[in-house]
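Remarks on the overall topology
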Amino acid sequence: MRLLDPEVRASPALVSELLDPGFTEIGASGRRWDATSILTVTSAGSADPGPPVEVSQMSGTVLAPGIVHLTYLTDDGRRAWRSSLWRRTESGWRMYFHQGTLAG
């Protein structure tokens, strides 16, 4: 939920705390991202905060000790199903993988 907060998204330091160094994303647009490209966008101040994001139908499944798979629906004017893999590290939970798929 913190990564959906516009103030967090506008801060490379805060985003960096939440992304695993090996992070990859396949966005709803089809674009592929990694941690470096996400941080480049946030540090340039070009991350569009957009409208508030509504989250619903969140569900989590423990896949293994320290690994959680989250799925949820977001709506910020366009609806998308989201799928994220999170792993626990010494510094806390970090997102390792994320995919967004536009919903009809």
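Please refer to the structure placed before this passage.
Residues numbered from 1 in each chain as written. Predicted model: local features only at pLDDT ≥ 70, side-chain atom pairs only at ≥ 80, totals over all residues. Heavy atoms only, no water.

What about the nonpolar core?
Side chains of a nonpolar character, in soluble globular proteins, are inclined to be buried together. By size, the foremost hydrophobic cluster in this structure holds 11 residues: Leu 3, Val 8, Val 15, Leu 18, Leu 19, Phe 23, Trp 33, Ala 35, Ile 38, Trp 86 and Met 95. Sorting the residues of this core by element identifies helix H2 (12-18), strand E1 (19-26) and helix H3 (35-43) as the ones contributing at least two each. Leave out the neighbours within four places in its chain, and Leu 3 touches Arg 9, Val 15, Leu 18, Leu 19, Trp 86 and Met 95. (Core = buried A, V, L, I, M, F, W, Y, C linked by side-chain atoms within 4.5 Å. Buried < 20%, exposed > 50% of the residue type's maximum accessible area, 1.4 Å probe, protein only. Helix = DSSP H or I, 4+ residues; strand = E, 2+ residues; numbered from the N terminus. Contact = heavy atoms within 4.5 Å.)

A few points about unusual backbone geometry
With a phi close to 55°, Gln 57 is a non-glycine residue in the positive phi region. Positionally, Gln 57 belongs in strand E3 (residues 54-64).

Overview of the environment of Gly 60
By secondary structure assignment, the location of Gly 60 is in strand E3. Sequence separation of Gly 60 and Leu 70 is 10 residues, and the distance between their C-alpha atoms is 4.4 Å. The contact partners of Gly 60, leaving out residues within four places of it in the chain, are His 69 and Leu 70.

Some thoughts on the pairing of strand E4 (residues 67-75)
Looking along a regular strand, one sees side chains alternate from face to face of the sheet. Bridge count between E3 and E4: 8 bridges; the pairing is antiparallel. By the bridge assignment, Ser 59 is partnered in E4 with Thr 71. Hairpin remark: E3 followed by E4, antiparallel, with 2 residues in the connecting loop; positive phi at Gly 66, about 80°. Relative to strand E5 (residues 79-89), E4 runs antiparallel, the two sharing 9 bridges. Residue Thr 74 lies in a different strand from E5, and its bridge partner there is Ala 80. Remark: 3 residues form the turn of the hairpin made by E4 and E5, two consecutive strands paired antiparallel; Gly 77 in that turn has positive phi of roughly 110°. (Pairing = 2+ DSSP bridges.)

Some points on the packing of aromatic side chains
Inspection of the entire model under this criterion finds 0 aromatic pairs. Directly above the aromatic system of Trp 33 lies the positively charged group of Arg 31, at a separation of 3.8 Å from the ring centroid. (Phe/Tyr/Trp six-rings, centres within 6.5 Å; stacked < 30°, edge-to-face > 60°. Lys NZ or Arg CZ within 6 Å of the ring centre and 35° of its normal.)

Some details on the environment of Thr 24
Mapped onto the fold, Thr 24 is located in strand E1. Along the backbone, Thr 24 and Asp 5 are 19 residues apart, and their C-alpha atoms lie at a distance of 19 Å. For Thr 24, the contacting residues outside a window of four places in its chain are Arg 32, Trp 33, Asp 34, Tyr 96, Phe 97 and His 98.

Structural measurements only, silent on function.
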